[in-house]
Structures are given as C-alpha cells and as structure tokens.
2 protein chains.
Amino acid sequence: MTRAPRPPRLLDVADRAGVSIATASRSLNGVAGVSPAVADRVRQVAESMGFVPNAHARSLAGGQESSVGLIVGEIGDPYFTEIASGVIGIAAESDRLVQICHAEDPETLVAQVRLLRANRVGAIILAGSGMVDPVREAAVEAELASFLASGGRVAAIGRHSLAVDAVLPDNVGAGRAVAEHLLALGHSQVAVLAGPAELNTVADRLDGLLGALGSARVTVTHHPFSREGGVSGARAVLDATPDATAIVALSDVMAIGVLAELRERGIRVPQDVSVTGIDDIAVAAELSPALTTVRLSMTEIGAAALVLADQEPAATLRSEATAVELVVRSSTAAPRNPATTLR
Amino acid sequence: MTRAPRPPRLLDVADRAGVSIATASRSLNGVAGVSPAVADRVRQVAESMGFVPNAHARSLAGGQESSVGLIVGEIGDPYFTEIASGVIGIAAESDRLVQICHAEDPETLVAQVRLLRANRVGAIILAGSGMVDPVREAAVEAELASFLASGGRVAAIGRHSLAVDAVLPDNVGAGRAVAEHLLALGHSQVAVLAGPAELNTVADRLDGLLGALGSARVTVTHHPFSREGGVSGARAVLDATPDATAIVALSDVMAIGVLAELRERGIRVPQDVSVTGIDDIAVAAELSPALTTVRLSMTEIGAAALVLADQEPAATLRSEATAVELVVRSSTAAPRNPATTLR
DNA sequence: TAGGTTAACGTAAGCGCTTACGTAAGTGCT
DNA sequence: AGCACTTACGTAAGCGCTTACGTTAACCTA
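Residues numbered from 1 in each chain as written. Chains lettered and ligands numbered in written order. Predicted model: local features only at pLDDT ≥ 70, side-chain atom pairs only at ≥ 80, totals over all residues. Heavy atoms only, no water.

Caption draft 1: View of the state of the cysteines. For the structure shown, the criterion picks out zero disulfides over all chains. With no disulfide of its own, Cys101 of chain A lies closest to Cys101 of chain B among cysteine sulfurs, the gap being 14 Å. (Disulfide = S-S within 2.5 Å.)

Encoded structure:
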C-alpha cells in the first residue's frame, strides 16, 4: 500500500485517537475542557504519526502564527547580517520565523513587500537605505500604506523619508564624529569616498562630515557601497588628490577596499595616510591596521526595530534615534607632515 | 466609518468588479476562459484596492507556493552567511522566499525543522555541521524522515551521517591541503586548534590533517568554533607548546581570533609562527597578514544544495562532493629556525 | 431549425484548521 | 426527585482561496 506523500492532518489524528477533530485540536493546543486522559492520548497519537499542524490552515482559521519579514540590501554585507542577527534574536523569543529577502532598488523592494504581504507576515522590517529622491520611494510608500491599512506592522531602519516608524542610527552624528576626530588629529586635506549619492544614509553621513569639517579642504567622490567601491575609490583619490592625508570611507566595507588597495600599493596606514570607516562591523577590529570607525550597533538596532514594530500602532509616527560612538583604532594618526603628498 | 483593518479578499475584488469569485481568481491568475475586457477590469479593481492574494489560503487550496527553509548554525558567522547568500540566489530565481532559522544543537534543530514543516516549506536546507555521535542525530533524522515521507525535500551541507541528499565540501581534503602546505614549507611542530570534537566537520578536517601530517609533531586542542575560540586556543598553544612553528585553526573565524591574540602579544606572523585557516571566507584576504586558507566556496555550495533539493527525489541518496583549493597568502612561511621557540 | 459545440461565466466543494455553539452526561443542592 | 450548573465532548460554520463541474447564451453545421 503506497500512501500519497501527504502530511497527516488533524482529522487523521482525531480518527486514530477516536475523538472528534475539535477535541483533537483542543488537546494539541492545550485548551481547557479536555480530560487529561484524552488529551494525553491525542498527543501521543499525534506524536506517533509525525503530525505537524499546518501553519497555513491555522493562520487561515484565525490563529495568530504571524512571522516577520526582513528586507535587506545585500545578504552578504556584514552591515545587514548584523541587523538580521538582531531581528532574528527578538523573533526567536516568540517563536516567530524571519523571512529574509533582499532588494537593492525600489522596484524589487515593492515586489518583496508584496511577497511578504501575500505570506501575511505580521511585521516587515525595512533595512535598506532609503532614497533621497522621494519620487522613487512613492511606490514603496503606497505598498507599505496598504500593508499598514490592513493591520500590518512596519519598522524601518535608517529611513526617515518614509512615513513609517523607524529606528534611526545617527548617521549625521557618525559623520560628524569622524570629522572631529580627523580635525583633532590635525588633518586638513581629506578625501571622502561616499556611497551612491541617492541613498539617504550617504547623504546624512556626508552632511555630518562636511558640516563639521569646515575649513578643511575636502573632496568627495561617489562609488558603490562595497569593497570594490572602496578599491576604485582609493585609486581615484590617489590619482586625483594625492595630497590627501586622510581617506574617509562612508562605510566599513568600503574602508576594507581602501585598505586593500593602499596595501597593494605599499602605502602605509596610518603613517602615509589615515583611513576611517563607519558602522563598526565585527571585522573592523581585525583588519590591519585595525579600523578607526564609528559604532552604530547594528545588531541592537535590528532588535530595536522589531521591538518597535511589535508595539501597538500609535497615532503618530515613532522614530527612535540611536547613539553612535567613535571607535579609535590604529588606522588613523596625525598627518606625518602637512606638506607631504602621498607620493 | 472605520473599516476593520483587514486586507481585502478576493471576494471583495470580485464584488466590486461585478463578477464571481471564480472569474476574479481566473483573471488574476491569467487562466484562460475569461474575456480580456473582464479580466482587465478585475485586475484594475484589484490593483486599486491594494489586493494581495493570501498565500496561506492559496497554498491551502492547492496552489503551490512553497518556500524554502534554511537552518544555519549562527547567523553572524560568515561561513553561514555565504551559504545563505547562495541559497537565496537560487530561491529568488523562482520567486521563492527563504526562511532562515538558526539552531546550534540537535534539540533546537528538531524544533526548527518542525516550525518549517508547520509552515509547509517545500524544501529544507540543513547547513550546520552534523554530530559525530549518531545518537544525538536520531531525533533530527526522525523529524526529517517524517518531512520526506510527506513529500518534503531536504538537502544537507557537510553532513554525511544523515540519511538525506547532501553537498559535501571535501573537509578531509581541506585538512590534507593544509598539512601538505605546511609540510612543504618545512614545519614539523604544528599546533592544531580544532572546533568542538563532536562536530563532523571538525572530525573530517582533523582526519585529513593528521593523516597527511604524518611524522610531524602535532598537538590538537579543542575550542569553540568562533573568534573567541581562536583567542583562547592561541593562548593555550603559547602556554603549552610554545615551540610550535605553525598554528592551524580549523576555521577562518577561529584563525581571526588567533591572529588577534598573536598581534596582541607582539608575535609576528608568519615570521615567528605561521597561521592557517579553512573556509576562505571573504575577509580572509583582508586580514593582516592575509590568511592562508582553503577555499570551500560556500556560496556555490549553498546554491548547489538548493538545486539538489529541487530535483526529483531519487531512490538512492545523492551526495555531491565539491572540490577545495588551497589559497596561499601571507600568513604562512617556512619556519624561521627549527630550533627557535615562540619566545 | 434542431442538435451539437464552444466560450464565458457562476456554483459549490473542498484545502486543514479554530471556535462558537449545541448536547449529553455527571455533580451538587434543596 | 427535580433543578440548575458544570464538564467533556461533538457539530458545523467559517478563514480565503482554487478548481471541477454546471449553466447559460451565442455560434456552427447539416
């Protein structure tokens, strides 16, 4: 006899245990009103049959089985990995699954939100950077509004342009912290390697940086927010502004690329040039030289985002700003000699 | 008028469009048998109402909406991150969501598999290392058997003790590659920092290593499979066997800890001691010194695992072995002087 | 023009659960 | 002994979809 490869249903369990489907359901869910003897028998039968309740049916029938959706920019990026880690930690506390998707542009973002909505997740955490241009966010905004209107919860990380609750790392402050640190060291020629200009995160960090850098001579170039962006950015700097005494990467991942390129060329850090990042991802401390950066505590921010989303929806938009902290390591030092160029 | 915050249903769309629910369903799914005019109208109404079909109901009703479940050991670990990246890449090709959970011990592993089963995922990818002791795997085995029996697909990564299809990185070969490299350099005193002895991955790497190391004098100690494990391992080695000329960490993450501790103590790599890892995670090349390691290509392995799981179930267990490649960087060199100790 | 097709829809039966409600015993009280 | 409660269960109505099948009306063909 070959049974169809189909999971056993609650009804199968009930039949085998000689009870009604209602009693079976109550037994397995620990609902009162079932004699202990019967409940035990049902549980044993269920166990022996390898019964696992269908979460879809359960959620359809009204049971709250809501999972959480997380949308990140790039899975492999430690920045997002740490956020994911924080979100998953909180989700696990209440036995919720986290569905992770990635979306780099607003169009796929909309698609992912729809997919998540189709799966009736209870909450969506948006972890990619927002766009400076509100027009590109319009579709996302609409999709999220639909979700919210139907009872969904949303929390964004580092997106202040979206009309949803948000946890906002102090990107402006992070930029400022880097600037003040370099200023204090005596740098006056700094090359900034920014990520894509259309990202809010980039704009904010840049604002803080340029605002505080004041009189210092600074050049800004834009590159991909990746290791490769750091590599090509470093090359551009060495070509265009070889007299820079500090290279500021707007993310640690970019800084990794910068360090790699400088090493490649035999340029010493921090003796010949100082390098900084932002984020303080886990490996920042393991690089050589260890990277001076700004800690944003992405893991905690991820956790905070889900906690925020879990709260009762409020009438007003909530936004939770988180503090940043400059972490001085060995990739920065006073410029060797203000007159000296990189080569 | 305050509507209950509930997503619009197909029925709502049908009513508004003035058609039956069946026609609405057919229109939205592009099923033949609906006049183009009506289908268009339904689609417009659905769009205007922000309708997103309930994936749970759809899957209940027989539609195939299966997503894939991925169980990893630790989200933050680059080893798993790269696997996840590979799995997600393949899943995205067919619009499937990936549900990521983590489980470090067999008990929570069982729980996670159940959760995934409850959510009726079509496939489960198991990415943590298996246990050497088959007894501890028994419950996992049973849970997976139940899942398979009910039509689920499973693929494991690096677990050969489980009766499921598997992609097997050549851990033995990886260990051997490290051994041969060190032997060729002339090392004869090597300290091995292994992960937990109960892990299959550790046992295999150790097998390959010790098998090839032959006459060389080698000491093996076990530590957590983490950066901290590397730190404490390095301390143990410096205390117990300061005459070692090479420290072999059985994973890159551990090697990071080793490098950190050596740097802390002012011990130069590779001049004073050589260090190796295994995995070739992305940052391995960015460390200082850049880490000599063995590339397992975890991203591709993750992708291969899902492809394997997606195939029609075969009568016999499939296992796909993947090649490894020694990557020599600058953390290894010939021992300075066979007679010299670490201090 | 009667009979047979076909296109375009509607009806209704589930999918596997939860849960409000109904019912039949058992318990305690007067 | 009769009543009102409880307790322990069963019945059945959905949840929001898909889809087999039924029903029209328009369209052919002989």
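Anyway, onward from the coordinates.
Caption draft 2: Inspection of the relation of the copies chain A and chain B at higher detail. Superposing chain A onto chain B takes a rotation of 180 degrees plus a shift of 0.0 Å along the axis, which leaves an RMSD of 0.2 Å. Here the copies are linked by what is in effect a two-fold axis. A high fraction, 100%, of the interface residues of chain A reappear at the interface in chain B, so the copies pair face to face through one surface. (Least-squares fit on C-alpha atoms with pLDDT ≥ 70 in both. Contact = heavy atoms within 4.5 Å.)

Caption draft 3: Seen up close, the protein's contact with DNA strand D. Around DNA strand D sit 26 residues, and of these Ser20, Thr23 and Ser35 of chain A together with Leu10 and Ser25 of chain B come closest. Here, DNA strand D places atoms within 4 Å of the protein, and 64% of those atoms are sugar or phosphate. At 3.2 Å, a backbone N or O of Leu60 of chain A approaches a base oxygen of DNA strand D. Contact distances for DNA strand D include 3.1 Å between a phosphate oxygen and a side-chain N or O atom of Arg58 of chain B. Put simply, the parts of the chain that give the surface near DNA strand D at least two residues each are helix H2 (21-29) of chain A together with helix H2 (21-29) and helix H4 (55-60) of chain B. In the surface near DNA strand D, the residues fall into 14 nonpolar, seven polar and five charged. (Near = heavy atom within 4 Å. Polar contact = N/O pair within 3.5 Å; in protein donor to acceptor, adjacent residues only side chain to side chain. Helix = DSSP H or I, 4+ residues; strand = E, 2+ residues; numbered from the N terminus. Nonpolar A, V, L, I, M, F, W, Y, C, P; charged D, E, K, R; others polar.)

Caption draft 4: A look at the sheet that holds strand S8 (residues 246-249) of chain B. Residue and element names in this part refer to chain B. One open sheet accounts for four strands, arranged S7-S6-S8-S9; its pairing is parallel. In the strand order of this sheet, the two ends are held by strand S7 (217-222) and strand S9 (274-276), each with one partner. The mean inter-strand angle of the sheet, taken between neighbouring strand axes irrespective of direction, is 15 degrees. In the sheet, strand S6 (residues 189-194) pairs with S8 via four bridges, with the strands oriented parallel. Residue Val190 lies in a different strand from S8, and its bridge partner there is Ala246. In the packing of helix H10 (residues 227-240) onto the sheet, contacts are made with S6 and S8, and the angle to S6 comes to roughly 150 degrees. (Pairing = 2+ DSSP bridges. Axes fitted to C-alpha atoms, helices over the stretch in contact; angles between N-to-C directions.)

Caption draft 5: Representation of the domain arrangement of chain A in the model. By the assigned domains, chain A splits into domain 1 (8-44), domain 2 (68-169 + 298-323) and domain 3 (171-297). Between the C-alpha centres of domain 1 of chain A and domain 2 of chain A the distance comes to 39 Å. (Domains from an automatic or database assignment.)

Caption draft 6: Structural context of the interface of chain A and chain B. Every contact between the two is made by 47 residues of chain A and, on the other side, 48 residues of chain B. Carbon and sulfur atoms supply 58% of the area that chain A and chain B bury against each other, a total of about 4,300 Å² over both sides. If you sort the residues of chain A by the area they bury against chain B, His56, Leu97 and Glu286 of chain A come out on top, with a joint share of 17%. Applying the counting rule to chain A against chain B returns two salt bridges. Sorting elements by how many residues they give to the side of chain A that touches chain B places helix H6 (residues 106-118) of chain A first, with six residues. Where strand S2 (residues 98-102) of chain A and strand S2 (residues 98-102) of chain B come together, three bridges link them in antiparallel fashion. Within S2 of chain B, the residue paired with Ile100 of chain A across the bridge is Val98 of chain B. (Buried area = accessible area lost by both parts, 1.4 Å probe. Salt bridge = Lys/Arg side-chain N within 4 Å of Asp/Glu carboxyl O.)

Caption draft 7: Molecular detail of the protein's contact with DNA strand C. Looking at DNA strand C, there are 26 residues lining it, with Leu10 and Ser25 of chain A together with Ser20, Thr23 and Ser35 of chain B nearest. Among the atoms of DNA strand C lying within 4 Å of the protein, the sugar-phosphate backbone contributes 64%. Within the side chain of Thr23 of chain B, an N or O atom sits 2.6 Å from a phosphate oxygen of DNA strand C. Leu60 of chain B places a main-chain nitrogen or oxygen 3.3 Å from a base oxygen of DNA strand C. Those elements giving two or more residues to the surface near DNA strand C turn out to be H2 and helix H4 (55-60) of chain A together with H2 of chain B. Here the surface near DNA strand C gets five residues from one element, more than from any other, and that element is H2 of chain A. Residue composition of the surface near DNA strand C, by class: 14 nonpolar, seven polar and five charged.

Caption draft 8: Examining the packing of helix H1 (residues 10-17) of chain A against helix H3 (residues 36-49) of chain A more closely. Residue and element names in this part refer to chain A. Across the interface, H1 lies against H3 with an axial gap of 9 Å and an inter-helix angle of 125 degrees. Taken together, the axes of H1 and H3 are oblique relative to one another. Between H1 and H3 lies a crossing whose hand is right-handed. Contacts from Asp12, Val13, Arg16 and Ala17 in H1 reach Arg41, Val42, Val45, Ala46 and Met49 in H3. A class-by-class count of the residues in the contact of H1 with H3 yields six nonpolar, no polar and three charged. (Parallel < 35°, antiparallel > 145°, perpendicular 65-115°, else oblique. Left-handed = near helix turned anticlockwise from the far one by under 90°.)

Caption draft 9: How the structure looks around the nonpolar core. One finds Leu70 and Ile125 of chain A together with Ile125 of chain B to be the most contacted residues of the largest nonpolar core, which totals 98 residues. The residues contacting Ile125 of chain B, other than those within four sequence positions of it, are Val68, Gly69, Leu70, Ile71, Val87, Ala155, Ile157, Ala305, Leu306 and Ala309 of chain B. Judged by nonpolar contacts, the second largest core, of 48 residues, contains Ile267 of chain A together with Ile247, Leu262 and Leu287 of chain B. (Core = buried A, V, L, I, M, F, W, Y, C linked by side-chain atoms within 4.5 Å. Buried < 20%, exposed > 50% of the residue type's maximum accessible area, 1.4 Å probe, protein only.)

Caption draft 10: A look at the pattern of salt bridges. Tallied over the entire structure, the rule returns 36 salt bridges over all chains. The residue Arg9 of chain A makes a salt bridge to Asp12 of chain A at a minimum N-O spacing of 3.0 Å. A residue is classified by how much of its surface remains accessible, and Arg9 of chain A, at 38% relative accessible area, is partly exposed. Between Glu107 of chain B and Arg136 of chain B there is a salt bridge, and its shortest N-O distance comes to 3.8 Å. In this pair, Glu107 of chain B is assigned in helix H6 (residues 106-118) and Arg136 of chain B in helix H7 (residues 134-149), connecting sequence segments 29 residues apart.

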